[in-house]
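Residues per chain, in single letters:
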Amino acid sequence: MNTDFHKSTVYQIYPRSFQDTSGNGTGDLKGITRKLDYLKGIGVDYLWITPFFVSPQVDNGYDVADYYRIDPLFGTMEDLEELIAEADRYEIGLMLDMVFNHTSDEHEWFQKALAGEKKYMDFYYFRRGKGPGVPPNNWDNRVAPGSAWEYVPHLDLWYLHLYDRKQPDLNWENPLVREELKKVVRFWVEKGVKGFRFDVVNLVSKPEGLPDDNAEEGMNGKQLYTDGPKIHEFLHELTADTGIASLVTVGEMASTGLSHCIRYSKPENEELSMTFSFHHLKTDYKDGKKWEVMPNDFMALKKLLFTWQQEMKRGGGWNALFWCNHDQPRIVSRYGDDGKYWKESAKMLGLAIHMLRGTPYIYQGEEIGMTNVKNYDCIQDFNDTETQDNYKALLKQGKSPEEALRIICARSRDNGRTPMQWTADPKANGGFTDGTPWLKCNSNVADINVESQINDPDSIYSFYKKLVSLRKEQEVIAEGDVIPCLENHPQIFAYQRVLKNAEGEQKILVICNFTGKEAVIGKEELNFAGEEAVIGKEELNFADIEDSRLLISNYKDTSVQIRNGRLRPFEAAAYQI
Ligand code: NOJ
């Protein structure tokens, strides 16, 4: 497997919200080409572009009706070819998003299945119900309350859909399905793309017989098909038979386990280059429930990040590092502070994740500190199906409309999908479109935009740019071990990166205050007097900071402050020791 991506940074583009060139209010492929200069400016190596294939757009492209054609909403095949060629000139590779757990119900295969063609019925999971009106098993739908099965009266059969009923699950047990999917991959490789992101790919192997799940209330089915029985075999086959081991691949792993992620991303297994896991983005879920809000449990977050970092290293796996994507609320509004300490906390979060071991992903707008929606005041402002369904469910549970709205404003995926804020002009939709944007722009566009940050050395944008370049300059960031520090400190996330090789030892210390309050490092934890000091597992003399090189920080006079054992609200720094 290729491992060049250890030094790389990926930028995720949600095309419909990135840049509209046609004036129809939806971003397009030409818009991405237009912004390549901007992307090169950040220094990113790859662009992961979420699906732009022909689709009824029920789940904004994650319901693919034709894997080989571009949805006219986003442009033409010529536009894509131009984008690939232009990106190539900038030495930026494209990673396409392959949605292989399911298709759209409008896909030709499913239409033929509905027409009763046996060959295509076997492309999906069609089963008899247990009785009239009773689905074949007790699996829950993953995104909306209710069953994962939909009844088709004219066939008197049910089909499985872990996501929306318009997204029927493909049957990977059927070798014909796997061959069709390989053809899709080969087609895009031939077009010149440099990698792939595979959507919820750890859910594709369903257990034989699709049994009832009798384990845990409310989790029905999950544990049976998550990292399912043949998943490693299937992924290896896909990679080996399409020759994509030399490209960059990332699997989106829903509710996955650490030991599986090691196996998925261990180079010798030839499955994937790396994995996205999501446990660190659930530490503000009350009792693990997405639609119940609570403040972030920082200690749980810290433990999760360290465990994954250390275990992935021990097992030879590789992490995709990220805070944001098109399914997540904006991180600065979530684990940071999008008010008083907006700038400090956005930078701190960037530093905390980018200095870890793995390949960082920047989601469009994260590099300028885009926030959750500030001006959405009714359910009609939201577009996302998952949001709509769960709003209804919240009302059904007895929540008031105000309370339900408060929850969806914190949790909706639309928080991450508002148009990219290029310029300060709210009348021009922040430079996103001349038309009416498909989703309302955030009202803070006058304050948060690319235009005001791109030439400001103190901006979040400039900070991110520096993070990307540090990974290329410092081998220790790409390849070093991660040693947790101050593990029990209730406010600080700190770690060292250490790399020993023929040239000697390289060491970096990263220290981040995750709170809006000053954080004090007790003398028992850290001795600033020049005597031996023990932090975490490794000994580190902080008097070293005198001689060490400050690589990056989000406040002025950081070194003075940290030598005194104090970190200001959301203060963060990295030193080369
Ligand atoms: C994960 C994608 O990121 C999300 O947007 C989509 O709704 C589901 N997979 C289903 O494809």
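Quick caveat, the model's predicted, so the values are computed rather than measured. (Residues numbered from 1 in each chain as written. Predicted model: local features only at pLDDT ≥ 70, side-chain atom pairs only at ≥ 80, totals over all residues. Heavy atoms only, no water.)

(A) The arrangement of the overall build of the protein in detail. Within the protein, the regular secondary structure consists of 18 helices and 24 strands. Over its C-alpha trace the protein gives a radius of gyration of 24 Å, about what one expects of a compact globule, namely 25 Å for 577 residues. Oriented by its inertia axes, the alpha-carbon framework of the protein measures out at about 80 × 55 × 50 Å. Across the 577 residues of the protein, 62% fall into the buried class. Long-range pairs, those at least 24 residues apart, make up 70% of the contacts in the protein with a sequence separation of at least 6. Only carbon and sulfur atoms are counted for the fraction: they give 48% of the accessible area of the protein, which is about 21,500 Å². (Helix = DSSP H or I, 4+ residues; strand = E, 2+ residues; numbered from the N terminus. Rg over C-alpha atoms; globule rule 2.2 N^0.38 Å. Buried < 20%, exposed > 50% of the residue type's maximum accessible area, 1.4 Å probe, protein only. Contact = heavy atoms within 4.5 Å. Areas by Shrake-Rupley, 256 points an atom, 1.4 Å probe, with all protein chains shown as cover.)

(B) Structural view of the site of the ligand. Contacts to the ligand come from Asp59, Tyr62, His102, Tyr163, Arg197, Asp199, Val200, Glu252, His326, Asp327, Arg413 and Arg417. A distance of 2.5 Å separates an oxygen atom of the ligand from a polar side-chain atom of Asp59. Take Asp199: an N or O atom from its side chain is 2.7 Å from an oxygen atom of the ligand. Protein coverage of the free-state accessible area of the ligand, which is 300 Å², stands at 97%. Given that more than half its atoms are within 2 Å of the pocket grid, the ligand belongs to the largest pocket. Across the shell around the ligand, the residue classes tally to 3 nonpolar, 2 polar and 7 charged. (Near = heavy atom within 4 Å. Polar contact = N/O pair within 3.5 Å; in protein donor to acceptor, adjacent residues only side chain to side chain. 1 Å grid on protein atoms, 1.4 Å probe; cavity = no way out; pocket = protein on both sides within 12 Å on 5 of 7 lines; lining within 4 Å. Sits in = over half its atoms within 2 Å of the grid points. Nonpolar A, V, L, I, M, F, W, Y, C, P; charged D, E, K, R; others polar.)

(C) Representation of the side chain of Arg357 within the structure. One can find Arg357 in the loop between helix H12 (342-354) and strand E15 (359-363). Among buried Asp, Glu, Lys and Arg side chains, Arg357 stands out as unpaired, with Glu479 the closest opposite charge at 6.1 Å. Polar contacts involving the side chain of Arg357 include one to the main-chain carbonyl oxygen of Gly317, which spans 3.0 Å. When neighbours within four sequence positions are excluded, Arg357 is seen to be in contact with Gln309, Met312, Lys313, Gly317, Trp318, Asn319, Leu321, Gly480, Val482 and Arg497. (Lys, Arg positive; Asp, Glu negative; His and termini not counted. Salt bridge = Lys/Arg side-chain N within 4 Å of Asp/Glu carboxyl O.)

(D) Highlighting the sheet that holds strand E7 (residues 149-152). Spatial ordering of the open sheet is given by E6-E8-E7, a layout of 3 strands whose pairing is antiparallel. Only two strands of the sheet have a single neighbouring strand rather than two, namely strand E6 (126-127) and E7. When E6 meets strand E8 (residues 157-160), the two strands line up antiparallel, connected through 2 bridges. The partner of Arg127 across the bridge, within E8, is Trp158. (Pairing = 2+ DSSP bridges.)

(E) The layout of surface pockets, seen in detail. Of the volumes computed, that of the largest pocket is approximately 1,500 Å³. Lining the largest pocket are 47 residues, with Arg142, Val143, Lys222, Lys290 and Trp291 sitting closest to its centre. Only helix H7 (222-225), strand E13 (289-293) and helix H13 (385-396) provide two or more residues apiece to the lining of the largest pocket. Classifying every residue of the lining of the largest pocket gives 14 nonpolar, 15 polar and 18 charged. (Points joined across faces, edges and corners; volume = space filled by probe spheres on them.)

(F) Expanded view of H13. Its 12 residues give H13 an end-to-end C-alpha distance of 17 Å, which sits within 8% of 16 Å, the value for a rise of 1.5 Å per residue. Buried positions along H13 lie against E13 and helix H14 (401-411). Where H13 ends, the next residue or the one after it, Gly398, has phi of about 105°, a positive value. (Expected span 1.5 Å × (residues − 1).)

(G) Structural detail: the environment of Asp213. Structurally, the position occupied by Asp213 is in the loop between strand E9 (195-198) and H7. When its relative accessible area of 3% is taken as the criterion, Asp213 is described as buried. Separated by 103 residues in sequence, Asp213 and Gly316 have C-alpha atoms that sit 32 Å apart. Polar side-chain contacts of Asp213 include one of 2.9 Å to the backbone nitrogen of Ala215. Engagement of the side chain of Asp213 in a polar contact is seen with the backbone nitrogen of Gly221, the distance being 2.7 Å.

(H) Region of interest: the environment of Leu80. Note that Leu80 resides in helix H3 (residues 77-89). The class for Leu80 is buried, based on a relative accessible area of 0%. When the C-alpha positions of Leu80 and Arg165 are compared, they lie 30 Å apart, and in sequence the two are 85 residues distant. Leave out the neighbours within four places in its chain, and Leu80 touches Leu29, Phe52, Ile70, Leu94 and Trp188.

(I) Quick look at the sheet that holds strand E14 (residues 320-321). Spatial ordering of the open sheet is given by E11-E10-E9-E5-E2-E1-E15-E14, a layout of 8 strands whose pairing is parallel. Of all strands in the sheet, those bounded by a partner on one side alone are strand E11 (274-276) and E14. Direction of pairing for strand E1 (residues 10-13) relative to strand E2 (residues 46-49): parallel, over a ladder of 4 bridges. Bridge pairing in E2 links Tyr11 to Leu47.

(J) Representation of the side chain of Asp45. Its location among the elements puts Asp45 in the loop between helix H2 (36-42) and E2. The exposure class assigned to Asp45 is buried, which follows from its relative accessible area of 18%. A polar atom in the side chain of Asp45 sits 2.8 Å from the backbone nitrogen of Thr9. Not counting residues within four places of it along the chain, the set of residues in contact with Asp45 comprises Lys7, Ser8, Thr9, Glu91, Ile92, Gly93 and Lys472.

(K) Representation of unusual backbone geometry within the structure. Non-glycine residue Ser255 carries a positive phi angle of around 45°. By secondary structure assignment, the location of Ser255 is in the loop between strand E10 (248-252) and helix H9 (258-265). Owing to a relative accessible area of 25%, Ser255 belongs among the partly exposed residues under this scheme. The phi dihedral of Asp287 falls on the positive side, at around 50°, and the residue is not glycine. Of the residues examined, Asp287 reaches a relative accessible area of 65% and is grouped as exposed.

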